[in-house]
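Coordinate analysis (summary)
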Amino acid sequence: MRYTIDKHERYVVIEPLISNLDAAAAAFLKGEFMLRNTSGQRNIVLDLSQVQDICEEGVRMGLLADRLCQGAEGLFIITGLTPSVKHILKVAHLDGFFTIVKNLTEAEDLIFGNEIQRDLIGGK
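Here the structure is a predicted model, which is why all the values come from computation and not from measurement.

Rules of the game
Residues numbered from 1 in each chain as written. Predicted model: local features only at pLDDT ≥ 70, side-chain atom pairs only at ≥ 80, totals over all residues. Heavy atoms only, no water. Helix = DSSP H or I, 4+ residues; strand = E, 2+ residues; numbered from the N terminus. Pairing = 2+ DSSP bridges. Axes fitted to C-alpha atoms, helices over the stretch in contact; angles between N-to-C directions. Phe/Tyr/Trp six-rings, centres within 6.5 Å; stacked < 30°, edge-to-face > 60°. Buried < 20%, exposed > 50% of the residue type's maximum accessible area, 1.4 Å probe, protein only. Core = buried A, V, L, I, M, F, W, Y, C linked by side-chain atoms within 4.5 Å. Contact = heavy atoms within 4.5 Å. Expected span 1.5 Å × (residues − 1). pLDDT = per-residue confidence, 0-100.

1. Considering the environment of Glu106
- Within the secondary structure, Glu106 sits in helix H4 (residues 104-120).
- Each C-alpha atom, one on Glu106 and one on Ser19, is 23 Å from the other, the two residues being 87 residues apart in sequence.

Printed below as a string of structure tokens:
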């Protein structure tokens, strides 16, 4: 599976470079999320701007990533939703569950706001 990873100090952006996020791609990304989480990365941004279709396993992969990030007191943010993927999340009633933003700038703002809040209350 082709994808890019853009590492930053407080977050990582993962962008699948595929049009169909199927079960095989979802399994690969699950492993990538778990690797990033166990290595101390608590904020993950998933850029789905290249993805036109997503299967049930792809949706579950997002649920796992969200749980991993929350467990580390971080954020899992989805950006770049295409209309078709947005529709799939809406039908699954997950459009209100996930943190979804329009672009990477909005994701960065949320992450830095969360990190400042963590620092102020004495988080790690």
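Next comes the rest of the description.
2. Looking at the sheet that holds strand S2 (residues 12-16)
- Here we have five strands laid out as an open sheet, ordered S1-S2-S4-S6-S7, and mixed in their pairing. Because the sheet does not close on itself, it has two edges, and the strands there are strand S1 (3-7) and strand S7 (99-101). Neighbouring strand axes in the sheet, compared pairwise and without regard to direction, differ in orientation by 20 degrees on average.
- In this sheet, S7 lies alongside strand S6 (residues 76-79) in parallel orientation, the contact comprising three bridges. Bridging from a neighbouring strand, Ile78 pairs with Ile100 of S7.

3. So, the packing of aromatic side chains
- Enumeration over the complete set of coordinates arrives at five aromatic pairs.
- Seen in terms of ring centroids, Phe76 and Phe98 are 6.1 Å apart; in terms of plane orientation they differ by 70 degrees. Their pairing is edge-to-face. Taken together, the residues span a long stretch of sequence, with Phe76 in strand S6 and Phe98 in the loop between helix H3 (83-91) and S7 at a distance of 22 residues. Take Phe76 and Phe98: they sit in the same class, and that class is buried.
- Taken together through their ring pairs, the aromatic side chains of Phe33, Phe76, Phe97 and Phe98 make up a single cluster.

4. Things to note about the nonpolar core
- Counting 26 residues, the largest nonpolar core has Leu21, Phe33, Leu48 and Phe76 as the members making the most contacts within it.
- Ignoring sequence-local partners within four residues, the contact set of Leu21 consists of Pro16, Ala26, Leu29, Leu48, Val51, Asp53, Ile54, Cys55, Gly58 and Met61.

5. Describing helix H2 (residues 56-71)
- The end-to-end C-alpha distance of H2, which contains 16 residues, comes to 23 Å, matching closely the 22 Å that a straight helix rising 1.5 Å per residue would cover.
- Of all the residues in H2, the buried ones are Gly58, Val59, Met61, Gly62, Leu64, Ala65, Asp66, Leu68 and Cys69.
- In this structure, the buried side of H2 is in contact with strand S3 (20-21), helix H1 (23-38), strand S4 (44-47), strand S5 (53-54), S6 and H3.

6. With respect to the confidence of the model for the chain
- Here the chain averages 94 in pLDDT, and 98% of its residues register 70 or above.
- When the elements of the chain are averaged for pLDDT, H4 gives the smallest value, 92, and S4 the largest, 98.

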